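Structural overview
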Amino acid sequence: MTAHPLRAPDSRIAKEATELVRDSLSELLYDHSRRVYFFGSLQGRRLGIEADPELLYVAAMFHDLGLTEPFHAGGRRFEVDGADEARRFLRAHGVPEDAVRRVWTAIALHTTPGIPEHMEPEVALVTAGVEYDVLGIGYHELAEEDRAAVVALHPRPRFKERILRAFADGVAPKPGTAFGNIKADVLAHHVPGFQREDFVRLVLDSPWAE
């Protein structure tokens, strides 16, 4: 299945994913999630990586769902909460398990740099879209007119400060989940008194004698 990189899939699953996410996320995160799909698709076209557009779309739309209060669960990382919600959604639509696994993995690993790019297209391109929109990685590798077209569809007013605040608000209730990942940086900047766990200290203070 192929799709134009600047046109979202119009299947029933894609439409229902759009409705669910639009009703669940702030405008900030909804627009960001849509841009992640478009930028991921554009990067796929540039790199010659062909993902299933419907699976890529669902993964992009659900990737930050775990930042929102209704989808917090059990003190887990927000990436896992979003991935689990996407899995429930896809299974309810009878999607094959291998496809469900790819979407789950794409969401769960989207804040773990250096690994997704070596995995299935959907996994690689969700992270590529996130890195493009949030960090500007590969910014000049996409055509200016394509970038402008995406931002015209889903603008990014004060996006940098607002997305960091959204990350902080979503992770602050369970700060332990920031250990070993980039959200510790966010909490260090936005949550007064936050103290990150120290991996070296954990090793040295473990119950092992040596």
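Here, the structure is the one placed above.
Figured I'd write up the structure that's included with this text. Treat the numbers as computed from the prediction; the structure is a model and nothing was measured.

Moving on, we come to the nonpolar core. In this structure, Val58, Phe62, Phe89, Leu90, Val95, Val103 and Ile107 are the most contacted members of the largest nonpolar core, which totals 56 residues. Contributions of two or more residues to this core are made by helix H1 (12-24), helix H2 (27-47), helix H3 (53-62), helix H4 (78-92), helix H5 (97-108), helix H6 (121-135), helix H8 (159-171) and helix H9 (183-190). In this structure leucine 90 touches Ile13, Val58, Val95, Val100 and Val103, once residues within four positions along its chain are discounted.

This part is about a nonpolar patch on the surface. Nonpolar side chains collect at one region of the surface, where Phe179, Phe199, Val200, Leu202, Val203 and Leu204 lie side by side and expose about 570 Å² of accessible area between them. Its place among the elements puts leucine 202 in helix H10 (residues 199-204). We classify leucine 202 as partly exposed; its relative accessible area is 39%.

Structurally, arginine 35 can be placed in helix H2. Since its relative accessible area comes to 0%, arginine 35 is described here as buried. Among the polar contacts listed, one links the side chain of arginine 35 to the backbone oxygen of histidine 154, at a separation of 3.0 Å. With residues up to four places along the chain from it excluded, the contact list for arginine 35 reads Gly40, Asp133, Val150, His154, Pro155, Arg156 and Phe159.

The next subject is the packing of H2 against H3. Packing of H2 against H3 brings their axes to within 8 Å, and their N-to-C directions diverge by 145°. Handedness of the H2/H3 crossing: right-handed. Across from Tyr30, Ser33, Arg34, Val36, Tyr37 and Ser41 in H2, the residues of H3 making contact are Pro53, Leu56, Tyr57, Ala60 and Met61.

Moving on to the pattern of salt bridges. Pairs can form between side chains of opposite charge whenever their charged atoms are close. Taken as a whole, this structure holds 20 salt bridges when the rule is applied. As a salt-bridge pair, aspartate 81 and arginine 76 come within 2.8 Å of each other at their nearest N and O atoms. With a relative accessible area of 2%, aspartate 81 lands in the buried category. Here arginine 196 makes a salt bridge to aspartate 185, at a shortest N to O gap of 3.0 Å. Taken together, the residues span a long stretch of sequence, with arginine 196 in the loop between H9 and H10 and aspartate 185 in helix H9 at a distance of eleven residues. Three or more residues joined by partner-sharing salt bridges are found here, namely Arg76, Asp81, Asp84, Arg87 and Lys174.

The next subject is the packing of aromatic side chains. Overall, the coordinates contain five aromatic pairs when judged by the stated rule. Centre to centre, the rings of tyrosine 37 and tyrosine 57 are 5.2 Å apart; their planes meet at 85°, and the pair counts as edge-to-face. Separated by 20 residues along the polypeptide, tyrosine 37 in helix H2 and tyrosine 57 in helix H3 bring together distant segments of the chain. Given the relative accessible area of 1%, tyrosine 57 is considered buried. Ring centres of phenylalanine 62 and phenylalanine 89 lie 5.2 Å apart, and the angle between their planes is 40°; on these two criteria the pair is classed as tilted. Pair noted here: phenylalanine 62 is in helix H3 and phenylalanine 89 is in helix H4, with a separation of 27 residues, a long-range link. Classification of phenylalanine 89 by relative accessible area gives buried; the value is 9%. A connected cluster of aromatic rings, assembled from ring pairs, spans Tyr37, Phe38 and Tyr57.

Cut-offs used in this document
- Residues numbered from 1 in each chain as written.
- Predicted model: local features only at pLDDT ≥ 70, side-chain atom pairs only at ≥ 80, totals over all residues.
- Heavy atoms only, no water.
- Core = buried A, V, L, I, M, F, W, Y, C linked by side-chain atoms within 4.5 Å.
- Buried < 20%, exposed > 50% of the residue type's maximum accessible area, 1.4 Å probe, protein only.
- Helix = DSSP H or I, 4+ residues; strand = E, 2+ residues; numbered from the N terminus.
- Contact = heavy atoms within 4.5 Å.
- Patch = residues over 30% accessible without salt bridge, like charges linked within 9 Å, V, L, I, M, F, W, Y side chains within 5 Å.
- Areas by Shrake-Rupley, 256 points an atom, 1.4 Å probe, with all protein chains shown as cover.
- Salt bridge = Lys/Arg side-chain N within 4 Å of Asp/Glu carboxyl O.
- Polar contact = N/O pair within 3.5 Å; in protein donor to acceptor, adjacent residues only side chain to side chain.
- Axes fitted to C-alpha atoms, helices over the stretch in contact; angles between N-to-C directions.
- Left-handed = near helix turned anticlockwise from the far one by under 90°.
- Phe/Tyr/Trp six-rings, centres within 6.5 Å; stacked < 30°, edge-to-face > 60°.

Interpretation in functional terms is not warranted from these geometric data alone.
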